[in-house]
Each structure stands twice: as C-alpha cells, then as structure tokens.
Amino acid sequence: MTKKKRPDGIKAYDEPAGGWGALKAVAETLARQQVAAQGTATLLKANQPEGFDCPGCAWPDPKHTSSFEFCENGAKAITWESTAKRVGPDFFAAHTISELWTWTDHELENEGRLTHPMIYDAQTDRYRPIEWDDAFTLIATALNALESPHQAEFYTSGRASNEAAFLYQTFVRAFGTNNFPDCSNMCHEATSVGLPESIGVGKGTVTLEDFDHADAIFSFGHNPGTNHPRMMTTLRNAARRGARIVVFNPFRERALERFAAPQDPIEMATFSSTEIASAYHQVRVGGDLAALKGMMKLIFERDEQDIGKGGHGVLDRAFIAEHTLGIAALRQDVEQTSWTEILHYSGLSRAALESAVDVYLNANNVILCYGMGLTQHAHGTSNVQQAANLLMLRGNIGRQGAGICPLRGHSNVQGDRTVGITESPGSGLLDGMERAFGFRPSGDKGHSAIEAIEAIVEGRSKALICLGGNLAVAMSDPAVTFAGMRGLDLAVHISTKLNRSHLLTGKTCIVLPCLGRTDLDTQASGPQSVTVEDSMSMVHASRGFLDPPGPLVRSEPAILAGIAQATLGDRYGIDWAGLIGNYDRIRDKIEVVFPDFRDFNRRVRVHGGFRLDVPASRRQWHTASGKANFLPSPGLDEDPRLKNPDTLVLASMRSHDQYNTTVYGLDDRYRGVFGRRDVIFISPADLAARGLQDGDRIDVHGVAPDGGQRRALRGYTAVAYDLPQGSAGGYYPEVNAIVALDHYDHRSGTPAYKGVPVTIIRAADTFAVTPALSE
C-alpha cells in the first residue's frame with residue numbers, strides 16, 4: 001500500500017531540541033539580518049554583567065555571570081533587533097500604507113529598524129518625516145484637547161525597562177488617568193489576580209537555585225524550548241541528577257521530551273541528548289483544571305487511606321494548620337467533583353493521574369511551573385489557584401526546593417508591573433507617588449487591555465499611546481479591534497520596527513523610533529544602563545553597546561519625558577529633563593515610591609543584581625486573611641458551546657520561529673512545519689470523524705456564545721498530529737481571527753486564546769486562504 005504523502009512543508013523532525021539544529025538556526029539568522037560578524041560579538045555580551053539583558057524571555061541567569069548564556073531564540077531576538085537593515089523616509093516614500101497592508105507581518109518587521117520620527121499623511125497615504133519637537137507638540141495638543149484624560153489609553157509592552165515604565169506611569173497618572181492596558185493583561189494577568197488571593201503576591205516564589213533542590217518538577221501548559229529556552233539548561237540539569245519531571249501538555253513538545261545542550265561538547269560530539277520528562281500526560285486543551293482537581297481528589301483519598309491504616313496521612317497538617325485557611329471548603333468541592341467529569345474534561349485516565357500523584361507524594365520538594373496554557377482560558381484565574389492549592393496540600397511553598405513558578409514571557413513584563421504599570425493602583429503606590437512627587441494620583445480603576453479596546457471600539461476612548469508592542473495584532477478579534485483603532489483621533493507608537501498596528505492610521509498617527517536593548521544609550525551625564533526584573537524577581541542592569549540605528553533615534557525614557565514635558569509643562573514641578581539626564585535619578589524616585597528598591601543604585605551595580613522581596617517565599621502571607629488561602633473552583637468547564645460533539649477546543653501557540661507577535665521566519669522545526677503557518681493541528685481521530693484527512697483544506701469557525709458561527713479562518717490545511725481527541729491547535733496571532741473579544745477570563749481579563757471553541761469543515765473551493773490578520 002502506498003504511503004500517503006504529507007502536506008507540503010510538513011515533515012517529521014526527529015532530532016532533539018537544541019543541538020546542532022539550534023546552532024545552524026543561529027548561523028542562518030545572523031546571515032539573514034546581515035550581522036554575521038557584529039552579531040556574534042553582540043551575542044557574547046548577552047546576559048553578561050557588563051552587557052545587555054536579552055530582549056527575549058524572562059528566565060533568570062545564573063548570577064548573571066555566565067560566559068555563554070544565550071539560546072537559539074534569544075539569538076533570534078537579539079539579531080532581529082540589532083539587524084543591519086533600516087526603515088527610513090526613503091522606504092515610506094516608496095510604499096503607501098495601502099500597499100504595506102498587503103504585506104505579511106513577517107515582511108513588515110523584516111525590513112529593519114526605524115530611523116526617523118514619522119507622521120501619517122492621509123493625502124499621499126504615506127508616512128512622512130516629522131521633527132521630534134513638532135511630534136511632541138502634536139501629541140500634547142491632542143491629549144490636552146480631550147474632554148477627559150480617561151479618553152486616552154496608554155499601552156505598555158513587556159520589553160520596556162523599569163526606568164521607562166516608571167516614567168510612563170508617572171506621566172500618565174500626572175495627566176490624570178489609570179488607563180494602563182498592558183501586555184500582562186493578555187498573558188499572565190490570571191497570575192497577577194489569582195496568586196495574591198492565594199498566597200499574597202502575584203509572582204513566583206522560587207529562585208533559580210531552588211531547582212537544584214527539587215525532587216520533582218511539574219510542568220503545566222508551557223513550551224520552554226521555544227518560549228523560555230534558557231530554562232532548558234535548568235531542566236536538563238534537574239533530569240540528569242534524577243529529579244522527576246512530570247509534564248501536562250496537549251502537545252508533545254520536543255524540548256520537554258529530549259534536549260541536547262549546545263554548550264555540552266560531549267552531547268554535541270556524540271549526537272546524544274538528555275531525556276527531560278519522566279512522564280508526559282497529554283491533557284485535553286482546557287483540561288488542566290480537571291487534571292489538577294483529579295490529583296487533589298486522589299491526594300485526599302490517599303490521605304484517608306493512610307490514616308485508616310494507622311498512619312499520619314499524606315497532607316502536611318502542620319503547614320496547613322499554621323499557615324492556611326479554607327482546606328475544608330476545598331476538600332468538599334474536590335470530593336463532590338465526580339470521576340466521570342474529571343476524566344472526561346481532562347482527557348486523561350485515572351491511572352495517569354494516579355501515577356502523577358505517586359510522583360508528587362514521593363517527592364519531598366516539588367516545584368510547579370506553568371505558562372499560558374493555564375492562564376489564557378476563561379477559567380485561567382481558577383487554574384492558577386488550583387495549582388497553588390495542589391502545592392499547599394503538602395507545604396510545597398515557602399521552603400527550599402519547592403514553590404510555584406509562573407513562566408513569564410517578555411523580558412521585563414514582571415518588572416513593568418512592579419514599578420507601577422497597573423490599571424488598579426493600590427494605596428502603597430498612591431502613597432509612594434505622593435512621597436516622591438508631591439501629588440496623589442486617583443485611585444480609580446482604569447482600563448485593562450480588553451476594556452481599552454472596548455472603549456476604543458465604542459468611541460469612548462479617542463487616543464492611544466503604545467510604548468512598544470503590536471497591540472492590534474496581539475488582541476483577539478482583529479476585525480473588531482482593527483476597525484476601532486482606525487477610528488482613533490490620535491495613535492502614537494514608540495517602536496524599534498514597523499508593524500501592523502502602525503498601519504491602522506486613524507486621524508493622526510505618529511511613529512517614534514526608539515533604542516533597543518542592544519543599543520548604546522547616551523544622555524547628558526554619559527552612557528546609561530537600564531534595569532529589568534526576571535521571572536524570579538531578580539533585578540539587574542542592562543547596558544547596550546551598539547551604535548544606534550540612526551542619529552535621530554531616542555531612548556524610551558527620553559521620548560516619554562519629551563511627551564510628558566510637552567503635555568504637562570511644569571505641572572507638579574517634575575523635572576523631566578533632569579530625570580533623563582541621568583537614569584540614576586529615575587531609580588532614586590523608584591526607590592522612594594517602592595521601598596523594596598531600597599539602595600537601588602548601589603545594589604543594581606553588584607554583579608547579578610538583587611532579589612526583590614517575595615514574602616510568600618518565607619511563608620509570610622500578605623493576603624486579607626493573613627494566611628495562605630485554599631480557594632475552591634466549583635465545577636470544571638461549563639461552557640455550553642462544548643456540549644456539541646462537533647466542537648473542538650483550539651489552543652493558539654507560537655511557532656519556533658516566533659516570539660510573541662514577532663515572526664522571525666516560517667519554520668516550526670520541532671513540530672515539523674517548514675515554510676508555512678497556514679495549518680491547523682488536529683488528531684487523526686477527529687479528522688476521521690469529520691470525513692477529513694491529513695492535508696485537506698479546511699475552514700475553521702469560531703463558535704459564538706449563542707451557538708452561531710461568525711468568525712472564520714478559511715482555506716487552512718489540516719495537519720494530523722498527536723493530540724488528545726477534542727483538541728486542536730493553530731498559530732498565534734493568525735488564529736486571533738476566530739477569538740471573540742468578549743471571550744476572556746472575567747476575573748482577570750485574560751483573553752481565552754488557549755480555549756477557543758471551534759468547528760471544522762472541509763473548505764469551500766471558492767475561498768482562498770484567509771490573509772493573516774486581515775478583516
């Protein structure tokens with residue numbers, strides 16, 4: 001029998017993560033960005049004591065002193081930013097916005113670094129140069145003409161430094177609003193909301209050193225080989241010393257299966273690798289809540305059995321009695337949840353959950369890591385809290401080798417939150433601002449990302465300033481989002497590169513070119529460093545060294561200070577020019593507002609930086625009750641759209657050639673996809689049930705809350721993939737086209753990108769492939 005040919009661009013990739021494939025990809029990336037010589041020197045300064053912090057992921061560095069501490073996707077992020085390619089006035093003179101709209105997102109960003117401030121000219125449909133002072137005046141005039149400061153939205157990307165983010169929030173609060181849509185709203189806001197209720201802090205409790213002492217590491221909903229690749233060294237070391245690594249993920253991600261360390265000469269020379277996962281449980285998309293409750297149900301059963309045999313039980317009763325509240329309510333909820341529901345929604349067998357519990361109970365120290373596979377669901381906050389519940393049952397928070405580890409994405413998304421980028425300012429922030437600047441901002445809640453887009457769509461918000469990022473593309477429901485942003489009176493983008501959000505021009509649209517992490521930042525007092533906070537609350541300095549891409553490119557703090565000065569003048573007596581003349585002065589103000597940054601300038605100059613206080617790490621619980629709280633989550637998944645047997649649950653994901661909305665290339669090596677992104681991964685059983693085969697062209701319909709179908713991706717290619725039945729996957733941000741704007745976790749506002757109800761049918765021959773992110 002002739003074996004059926006796989007779809008074009010789909011072929012098996014059997015190599016481990018990392019290894020020679022990673023080194024080859026780095027070399028190709030350097031060549032594509034025309035920085036083969038300079039790029040190699042730049043990579044060697046990444047994550048070094050006197051160098052710059054990688055603009056990619058937020059995984060910490062070992063004391064920030066490694067001689068070789070970058071990874072394949074970090075190298076892509078660095079070379080993407082330090083590219084030799086340029087986008088200046090000549091480029092914009094040659095291309096109308098209407099033409100650029102037809103380009104892919106990869107093509108737009110691949111043109112290179114922005115070099116001049118530009119303003120959109122509707123008559124010519126082109127961007128043209130504008131002087132910095134003129135740009136600041138236009139922005140200030142538009143902001144001050146608003147009927148209310150609340151008609152403006154101020155978005156922050158996680159790439160922004162602590163110094164830039166702090167200046168930004170100072171300016172915006174002085175302007176008079178707390179409208180701070182932030183990239184955290186779209187990824188880990190469920191962590192920022194859920195963990196404070198559970199343990200009193202919206203951050204992880206572990207340090208990098210804790211991984212050296214963990215007996216077991218549970219991994220939920222993340223793909224470290226692509227999204228935080230330097231974590232692979234940590235996981236490899238843990239696996240090699242015998243720690244059990246238990247994975248819950250619908251996709252069999254290669255990096256969680258086996259990894260070859262490019263820094264290990266033996267593995268490279270022998271083409272060998274290290275097995276990472278000791279057990280791999282392919283939970284259904286959206287089934288993590290059921291899996292977590294299933295594990296807790298078994299732990300309670302084992303506890304009763306042990307006591308029945310004369311033992312002391314398997315719970316850490318001393319920890320529970322001294323440090324927690326709510327165990328009875330949690331136990332009641334878990335025991336009332338039936339095994340029929342747990343097995344159905346999780347897609348796992350009871351034997352699989354029993355084996356996971358065996359590992360958990362036999363480990364003295366357990367770390368639970370999770371990513372957006374837990375947070376980007378309509379019940380994302382509940383997912384996070386059940387993860388905390390599982391750890392607390394045996395006291396696995398607040399001691400060496402144990403704790404909870406949210407895996408943040410962008411390199412300073414956690415730091416931006418720490419220094420004040422929040423739509424819900426607490427009394428501590430308000431008190432600190434009054435101490436530092438002599439005025440007390442409003443404590444009213446502002447807009448998160450979803451709320452900001454809703455306000456823009458409804459015409460309640462008229463202006464938008466974006467500190468980095470690609471907000472329109474990152475948001476769900478592009479047809480609605482794009483139309484809303486085109487209606488803005490003012491849109492300002494502070495960016496390193498051109499992206500699709502810049503093409504949604506509205507009445508006045510200005511693009512301001514800023515320095516990147518690798519660029520030398522020189523102000524009045526000389527070269528400057530900025531600071532960032534990693535996923536484990538370590539704060540360290542970052543200093544670029546490359547010549548900026550053009551003489552007119554300014555730093556983010558300088559741009560923000562220019563806008564603030566033009567908009568506010570002498571209001572509150574803030575010396576904006578003085579602050580940017582020496583970033584030490586910004587850090588002095590941060591220290592006044594946030595006492596955890598005490599002695600900031602001295603401590604950040606120490607190699608490795610310093611760790612911010614995480615009270616839960618030492619079992620101090622800054623919750624309303626003063627205790628860590630067990631928080632039940634009644635039910636599992638009651639979404640009525642899933643009652644239809646034809647409905648699948650689709651998770652969006654990044655390819656290996658991608659970071660957030662930035663697409664470096666069209667290959668997803670570890671999943672066997674090359675040269676394309678127009679694919680939907682589906683299990684062979686689900687294909688067969690729909691009369692489909694591997695390689696068939698399909699239409700994917702998002703199922704609306706009322707059961708109707710109103711969003712679609714057309715002409716995509718079905719790829720048979722090892723997935724649990726009922727699950728599907730596709731690439732973000734393209735699949736945002738089928739995510740409704742109102743489909744999100746209503747506790748945290750996190751869009752449900754990883755839990756999209758869809759139906760899939762054979763494509764109508766009359767439809768071509770849906771252009772990426774067009775209406």
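Residues numbered from 1 in each chain as written. Predicted model: local features only at pLDDT ≥ 70, side-chain atom pairs only at ≥ 80, totals over all residues. Heavy atoms only, no water.

Asker: Just checking my understanding: could you explain the packing of helix H22 (residues 427-437) against helix H28 (residues 583-593) for this structure?
Answerer: Helix packing geometry: the angle between the two helix axes and the distance between the axes. At a minimum axis distance of 7 Å, the contact between H22 and H28 shows a crossing angle of 130 degrees. It follows that H22 is oblique to H28 by the angle criterion. For H22 against H28, the interelement crossing comes out right-handed. Along its contact with H22, which presents Gly428, Leu429, Gly432, Met433, Arg435, Ala436 and Phe437, the element H28 presents Lys589, Val592 and Val593. (Axes fitted to C-alpha atoms, helices over the stretch in contact; angles between N-to-C directions. Helix = DSSP H or I, 4+ residues; strand = E, 2+ residues; numbered from the N terminus. Parallel < 35°, antiparallel > 145°, perpendicular 65-115°, else oblique. Left-handed = near helix turned anticlockwise from the far one by under 90°. Contact = heavy atoms within 4.5 Å.)

Asker: Even after reading the chapter, I still don't get the layout of surface pockets, so can you show me in this structure?
Answerer: Rolled over the atoms, a probe with the dimensions of a water molecule shows which regions are left empty. In this structure, the largest pocket spans a volume of roughly 990 Å³. Around the largest pocket sit 28 residues that line it, and Val201, Gly202, Lys203, Arg417 and Thr418 are the ones nearest its centre. Mapped onto the lining of the largest pocket, the elements with two or more residues apiece are helix H9 (189-199), helix H21 (413-418) and H22. Among the residues making up the lining of the largest pocket, the classes are represented as 9 nonpolar, 12 polar and 7 charged. (1 Å grid on protein atoms, 1.4 Å probe; cavity = no way out; pocket = protein on both sides within 12 Å on 5 of 7 lines; lining within 4 Å. Points joined across faces, edges and corners; volume = space filled by probe spheres on them. Nonpolar A, V, L, I, M, F, W, Y, C, P; charged D, E, K, R; others polar.)

Asker: Please clarify how unusual backbone geometry should be interpreted in this entry.
Answerer: Most peptide bonds adopt trans geometry, and most residues besides glycine take a negative phi value. The omega angle of the peptide bond from Tyr732 to Pro733 is 10 degrees, so this bond is cis rather than trans. Among the secondary structure elements, Pro733 is positioned in the loop between strand S30 (727-731) and strand S31 (756-762). Phi at Ser537 is positive, roughly 70 degrees, even though this residue is not glycine. Secondary-structure assignment places Ser537 in the loop between strand S20 (530-533) and strand S21 (538-542). The backbone of Asp599 shows a phi angle near 55 degrees, a positive value even though the residue is not glycine. Relative to the helices and strands, Asp599 is located in the loop between H28 and helix H29 (600-603). Overall, Asp599 belongs to the partly exposed group, its relative accessible area being 34%. (Buried < 20%, exposed > 50% of the residue type's maximum accessible area, 1.4 Å probe, protein only.)

Asker: Which parts of the structure should I look at to understand the nonpolar core?
Answerer: A general trend in soluble globular proteins is that nonpolar side chains are found buried together. In terms of nonpolar packing, the biggest core is built from 61 residues, with Leu143, Phe154, Phe171 and Leu512 touching the most fellow members. Examining the composition of this core, we find that 9 residues originate from one element, helix H8 (residues 162-175), more than from any other. Counting residues in hydrophobic clusters, the runner-up holds 59 residues, among them Trp101, Leu114, Leu713 and Val756. (Core = buried A, V, L, I, M, F, W, Y, C linked by side-chain atoms within 4.5 Å.)

This is a description of form; function is not addressed.
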